[in-house]
Amino acid sequence: MGAAQVRDSHEQPAGFIRRYVFSTDHKVIAKQYLLLSLAMALVGGFTAYLIRWQLAWPETDIPGWGPIGPDNFNAIVTMHGTVMVFFVAMPFLLGAFGNFLIPLMIGARDMAFPRLNLMSFWTLFTASVVLTVSMFVPGGPAAAGWTSYAPLSDNYIYTGVTWGQDLWILAVALEFASFLMGGINFLTTTLNLRAPGMTLFRLPLLVWMEITAAVVFLLSVGPLIAGALMLLMDRKLGTSFFRPDGGGDPLLWEHLFWFFGHPEVYVVALPGFGIMLEVIPVFARKPIFGYRAMIWSTIAAGLLSFVVWAHHMFVSGMDPRLATSFSVTTILISVPFAIIVFAMIATVWRGSIDLATPMLFALGGLATFLIGGVTGIFVGSATTDIFLHGTYFVVAHFHYTLFPVTFFGGFAGIYYWYPKFFGRMMNETLGKIHFYLTLVCFNAVFIPLFLAGLQGNPRRIYEMSSYDFLKPVQPMHLIATIATIGLLLGQLPFVINFGYSLVRGKKAVANPWQANTLEWMTDSPPPHENFRTVPIVCRDPYEYSVPGASRDWIPQTEPEPAVLATAAAE
Amino acid sequence: MARRVRLWRTCLNNRGTAATVLDHLLPINVSTFGGDIDHVFWLIFWIVGLWFIAAECILLYSVMRHRRKAGAVAAFWRGDTPRQLAWVLIPAFVVLCLDLGIDYAGASVWERVKGNAPASNIVVRVTAKQFNWIFTYPGPDNKFGTADDVTSENDMHVPVGKVVHLELESPDVIHSFFVPNLRLKQDVVPGRTIRAWFEATKAGTYEIACSELCGFGHYSMQGNVIVQNQAAYAAWVRETWPRSTAASSSASSKN
Ligand code: HEM
Ligand SMILES: [Cu+2]
Ligand SMILES: [Cu+2]
């Protein structure tokens with residue numbers, strides 16, 4: 001602790017490039033991540049539209065695109081998954097919010113390694129460029145799914161994709177490198193640069209979740225980086241790590257991929273939860289219920305996430321005797337999440353709830369995530385997964401986990417911290433319209449897809465007219481597609497709100513929501529090195545509605561009065 | 001249409017519309033183990049369904065009930081004493097117990113479906129390749145790799161009420177053999193022979209879909225399991241299989 005305070009206060013660099021492009025200021029870098037993730041979200045959303053249009057109205061030209069063939073379709077599905085997970089969810093939740101908030105919330109002047117921070121952003125930027133370029137090379141983009149199972153991804157003869165797949169591997173590897181650097185920075189910063197008095201158990205939960213996510217990522221990605229290298233060597237140098245004809249094993253790739261892939265879900269989910277957990281107490285005017293229980297549950301979920309990967313492989317051909325043990329670990333992981341969710345509900349209970357836009361998104365995210373959580377039990381049981389694996393049930397399930405954390409959580413974060421990011425308030429009416437459109441349309445997309453999955457509708461299917469058993473499912477795809485269009489159009493109020501508020505929004509005061517955490521104890525937006533004077537932390541982050549206090553919030557920097565002692569004693 | 005009686009239906013005395021809707025949630029099951037899988041499904045369905053509804057209702061109620069009003073003050077609960085935390089930990093403990101119950105119920109069914117198969121003398125080799133299904137029967141000599149092997153493309157004939165063994169192989173990429181009505185799914189991995197089995201309970205044609213992305217033709221890897229009664233199956237064998245072990249290599253099927 002305290003290293004940040006010893007460092008000299010730097011002047012803000014003068015030139016435009018040093019200030020806004022190759023900046024080492026975590027706040028500028030956070031905005032760059034935000035911009036990049038929102039730009040990539042356009043790609044992710046557009047590919048979702050293409051997929052959905054094709055499934056509702058096969059044989060038609062897609063407005064704004066044209067006809068689509070089965071090989072394009074696979075490529076588009078691959079790009080959608082890759083973009084959404086690696087280039088939207090991670091930059092948004094870790095890159096933008098983690099970068100912006102960790103230093104501010106712990107009372108530091110910047111990240112521990114500002115130049116590494118700069119490098120991690122530009123590595124991600126390069127990765128995004130590589131992925132985008134890969135969509136236009138001869139042979140087309142990667143088309144083996146975001147999971148890139150070998151040997152489909154291993155030899156161009158199976159897909160006809162040459163450069164596209166190589167560039168995909170390169171893009172993903174660069175993305176991993178970027179978040180490795182970012183994760184090291186998150187961790188070092190949190191451990192070393194906390195303001196005086198900011199003990200680990202006074203950290204806001206978002207910080208806990210960001211660093212747990214960073215650690216989970218650091219520990220899980222190594223094997224997959226090796227795997228990506230092996231895949232590239234198979235493709236380029238004629239090795240055969242994953243090729244059975246050369247003695248390799250396709251299942252090795254699945255193990256390496258999912259050893260990373262499952263923890264990755266938590267890398268995305270935890271920060272999303274973290275955002276909801278910052279928003280809920282402020283708008284319920286109530287302390288987090290079970291702060292420490294949340295932290296221990298987070299850590300437990302992080303640890304358990306390393307021993308569940310083979311639940312993606314129940315019917316893969318691995319030894320069936322392994323399945324039950326992975327079912328047990330998988331279903332066990334629902335326990336820490338149950339604690340977190342129940343504690344969130346308990347935080348809301350008997351609060352004084354203001355349904356402002358950030359709160360709507362946080363509660364909406366919690367309510368929708370619950371569907372993702374409970375449907376996980378169906379696919380976590382090896383027995384029922386025999387039927388459900390690889391169907392639209394899985395697609396609906398993981399969208400119900402990833403979408404709430406990425407977008408409900410992410411939007412809650414934007415509406416909540418926008419004043420801190422940009423110094424202005426967003427428009428509430430547009431925000432509420434945005435929320436209700438998103439909530440209704442999102443559910444209208446994916447509930448029908450659950451039903452399709454229960455009929456056995458396989459995923460990654462270009463067109464299903466050759467199957468009789470899928471005829472009754474077609475209306476579900478129609479509803480899902482119409483709702484997708486609604487969902488995408490429903491983002492317009494957000495885009496308008498975001499842009500309009502930048503120039504016309506009401507000027508924000510330092511602490512518009514009357515919140516306690518340190519980022520609100522400085523100007524909106526914060527000055528170059530965040531705090532005029534280093535904050536001294538005196539108390540827990542969620543002291544709302546403390547009995548006997550003069551107002552219903554007590555900032556973390558406020559010295560401990562005798563009041564609290566009596567409140568605790570009663 | 002006579003359907004298998006399911007666990008949940010025995011709980012519901014009369015078949016209301018809700019029950020009819022639920023009845024159509026899953027496709028008709030026609031395998032001996034499919035009913036067991038469905039039982040586990042409905043067990044999970046009711047357990048998590050009730051928890052889910054309870055959680056959503058409490059959340060919704062508390063948001064409605066505790067909307068901000070002038071003068072009202074939020075409760076000050078940190079949930080850090082064992083007594084308060086019990087409100088969270090006890091439900092979580094119940095979740096844990098129910099979870100373990102689900103795993104316990106599932107484990108024996110898994111063992112039945114994916115563990116050692118019951119004995120049988122009907123073996124079909126399933127070759128999944130880009131982009132169709134080849135079914136190979138050992139022919140009258142009951143040995144694969146001999147001249148009297150019989151192959152059929154995309155249609156697999158099997159008798160009803162008999163255990164059928166499958167040997168799944170792929171020469172190219174991973175595919176997945178999925179027959180929704182049989183509740184049977186098994187990936188087919190190049191480089192290995194993976195065994196699976198089923199016993200169909202009802203004659204009919206049931207579609208096979210590939211459920212692992214295998215290339216641009218993945219969507220079109222449609223096949224059929226043609227479950228026939230003993231007589232029809234015997235007739236099919238008579239028509240398409242070579243007559244004796246003294247095989248004539250030209251006699252394979254022309255499907
Ligand atoms: C805008 C709303 C979204 C819609 C309408 C949507 C739609 C879809 C659909 C229909 C598929 C299945 C394609 C198929 O199997 O044929 C799919 C796949 C997928 N989606 Fe989304 N999605 C959305 C948002 C997201 C988000 C936010 C994420 C993650 C953060 C995500 C991650 C994925 C992944 C990983 C896949 C699997 C890709 C694959 O099979 O290789 N999607 N999406
Ligand atoms: Cu997983
Ligand atoms: Cu396939």
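Residues numbered from 1 in each chain as written. Chains lettered and ligands numbered in written order. Predicted model: local features only at pLDDT ≥ 70, side-chain atom pairs only at ≥ 80, totals over all residues. Heavy atoms only, no water.

Chemist: Help me understand the coordination of the copper ion (ligand 2) in this model?
Modeler: Each pair of donors in an ideal octahedron of six around a metal sits at 90 or 180 degrees, and each pair in an ideal tetrahedron of four sits at 109.5 degrees. Residue and element names in this part refer to chain A. Binding of the copper ion (ligand 2) to the protein goes through His 262 (ND1), His 311 (NE2) and His 312 (NE2), at separations of 1.6 to 2.0 Å. Spacing between the donor residues of the copper ion (ligand 2) along their common chain follows H-x48-H-H. Across the pair, exposure class does not vary: His 311 and His 312 are buried alike. (Donors = N, O, S within 2.8 Å, 3.2 Å for Na, K, Ca; no water. Buried < 20%, exposed > 50% of the residue type's maximum accessible area, 1.4 Å probe, protein only.)

Chemist: What should I look at first to understand the sheet that holds strand E5 (residues 163–169) of chain B in this one?
Modeler: Where strands meet in a sheet, backbone hydrogen bonds hold them as pairs that are either parallel or antiparallel. Residues and elements named next belong to chain B. Read from one edge to the other, the open sheet built from 5 strands follows the order E3-E2-E1-E5-E8, with strand pairing classed as mixed. Whereas interior strands pair on both sides, the edge strands pair on one side only; in this sheet they are strand E3 (150–153) and strand E8 (194–199). For this sheet, the mean angle separating the axes of adjacent strands, direction not counted, is 25°. Judged from the 6 bridges that link them, E5 and E8 form a sheet pairing that is antiparallel. Within E8, the residue paired with Val 164 across the bridge is Phe 198. (Pairing = 2+ DSSP bridges. Helix = DSSP H or I, 4+ residues; strand = E, 2+ residues; numbered from the N terminus. Axes fitted to C-alpha atoms, helices over the stretch in contact; angles between N-to-C directions.)

Chemist: So what exactly am I meant to see when it comes to the side chain of B:Asn181 here?
Modeler: Mapped onto the fold, B:Asn181 is located in the loop between strand E6 (175–179) and strand E7 (184–188). Ignoring any residue separated from it by four or fewer positions in sequence, one finds B:Asn181 in contact with B:Pro27, B:Ile28, B:Asn29, B:Val30, B:Ser31 and B:Tyr206. (Contact = heavy atoms within 4.5 Å.)

Chemist: Can you walk me through the pattern of salt bridges in this structure?
Modeler: For the structure on display, the rule yields 21 salt bridges over all chains. One salt bridge connects A:Asp249 with B:Arg192, and the closest N-O pair in it is separated by 2.7 Å. Within this pair, whereas A:Asp249 is found in the loop between helix H7 (205–237) and helix H8 (250–284), its partner B:Arg192 is found in the loop between E7 and E8, the two belonging to separate chains. A residue is classified by how much of its surface remains accessible, and B:Arg192, at 28% relative accessible area, is partly exposed. In this structure, A:Asp319 engages A:Arg321 in a salt bridge whose closest nitrogen and oxygen atoms are separated by 2.6 Å. With a relative accessible area of 68%, A:Arg321 lands in the exposed category. (Salt bridge = Lys/Arg side-chain N within 4 Å of Asp/Glu carboxyl O.)

Chemist: For this particular structure, what's the right way to read the interface of chain B and chain A?
Modeler: Where interface size is given, it is often the accessible area lost as the parts come together that is meant. The partner chain A presents 93 residues to the 79 residues of chain B that form the contact. Summed over both sides, the interface between chain B and chain A buries roughly 7,500 Å², with carbon and sulfur atoms accounting for 70% of that surface. Three residues stand out in chain B for area buried against chain A, namely B:Trp77, B:Trp110 and B:Tyr219, and they jointly supply 11% of the buried area on that side. At the junction of chain B and chain A, the tally comes to 5 salt bridges. One can count 26 residue pairs in polar contact (both at pLDDT 80 or more) joining chain B with chain A. Breaking the side of chain B that touches chain A down by element, the ones donating at least two residues are helix H3 (34–65), helix H4 (82–114), E7 and strand E9 (204–210) of chain B. Considering each element in turn, the side of chain B that touches chain A owes the most residues, 18 residues, to H4(B). Of the residues that constitute the side of chain B that touches chain A, the class distribution is 51 nonpolar, 14 polar and 14 charged. (Buried area = accessible area lost by both parts, 1.4 Å probe. Polar contact = N/O pair within 3.5 Å; in protein donor to acceptor, adjacent residues only side chain to side chain. Nonpolar A, V, L, I, M, F, W, Y, C, P; charged D, E, K, R; others polar.)

Chemist: Would you mind going over helix H11 (residues 334–348) of chain A with me for this structure?
Modeler: Residues three or four positions apart in an α-helix share a direction because the helix packs 3.6 residues into each turn. All names here are of chain A. Counted at 1.5 Å a residue, the expected span for H11 with its 15 residues is 21 Å, and the 21 Å between its end C-alpha atoms agrees. Counting buried positions along H11 yields 15 of 15 residues, so the element is predominantly enclosed. Positive phi appears at Arg 350, one or two residues downstream of H11, with a value of about 55°. (Expected span 1.5 Å × (residues − 1).)

Chemist: Any chance you could explain the nonpolar core here in plain terms?
Modeler: Burial of nonpolar side chains together is a common tendency in soluble globular proteins. Ranked by size, the top nonpolar core spans 271 residues in total, and within it A:Trp417, B:Met156, B:Leu166, B:Phe177 and B:Phe198 carry the most contacts. For this core, the element with the highest residue contribution is helix H4 (residues 70–106) of chain A, accounting for 23 residues. (Core = buried A, V, L, I, M, F, W, Y, C linked by side-chain atoms within 4.5 Å.)

Chemist: Whenever I open this one, the sheet that holds E6(B) confuses me. Can you help?
Modeler: All names here are of chain B. A sheet is described by the order of its strands in space; here 5 strands give the open sequence E4-E10-E9-E6-E7, paired in mixed fashion. Each edge of the open sheet is held by one strand with a lone partner, namely strand E4 (155–159) and E7. For this sheet, the mean angle separating the axes of adjacent strands, direction not counted, is 20°. Pairing of E6 with E7, which is carried by 5 bridges, proceeds in the antiparallel orientation. If you follow Val 179 over to E7, its bridge partner there is Leu 184. Running over the sheet, helix H5 (residues 230–240) touches E4 and strand E10 (223–228) and is turned about 130° from E4.

Chemist: I would appreciate a short explanation of empty space enclosed by the protein in the present structure.
Modeler: Vacant regions in the atomic arrangement are exposed by a probe of water-molecule size rolled over the atoms. Residue and element names in this part refer to chain A. Across all of its chains, the model carries 7 cavities of 30 Å³ or more by this definition. Looking at the largest cavity, its volume works out to about 100 Å³. As for the largest cavity, its lining consists of 15 residues, of which Leu 94, Phe 179, Gly 182, Gly 183 and Phe 186 are closest to the centre. If you list the elements that add at least two residues to the lining of the largest cavity, you get H4, helix H6 (163–192) and H7. (1 Å grid on protein atoms, 1.4 Å probe; cavity = no way out; pocket = protein on both sides within 12 Å on 5 of 7 lines; lining within 4 Å. Points joined across faces, edges and corners; volume = space filled by probe spheres on them.)

Chemist: I keep staring at the layout of surface pockets and nothing clicks. Help me out?
Modeler: Within this model, the second largest pocket holds a volume of roughly 920 Å³. If you go around the second largest pocket, you meet 34 residues; those closest to its centre are A:Ala367, A:Ile371, A:Ile447, B:Phe52 and B:Glu56. If you list the elements that add at least two residues to the lining of the second largest pocket, you get helix H12 (357–380) and helix H15 (428–454) of chain A together with H3 of chain B. If you tally residues by element for the lining of the second largest pocket, the top one is H3(B), at 14 residues. Its residues assigned to classes, the lining of the second largest pocket comprises 28 nonpolar, 5 polar and 1 charged.

It is worth stressing that arrangement in space is one thing and function is another; only the former is reported here.
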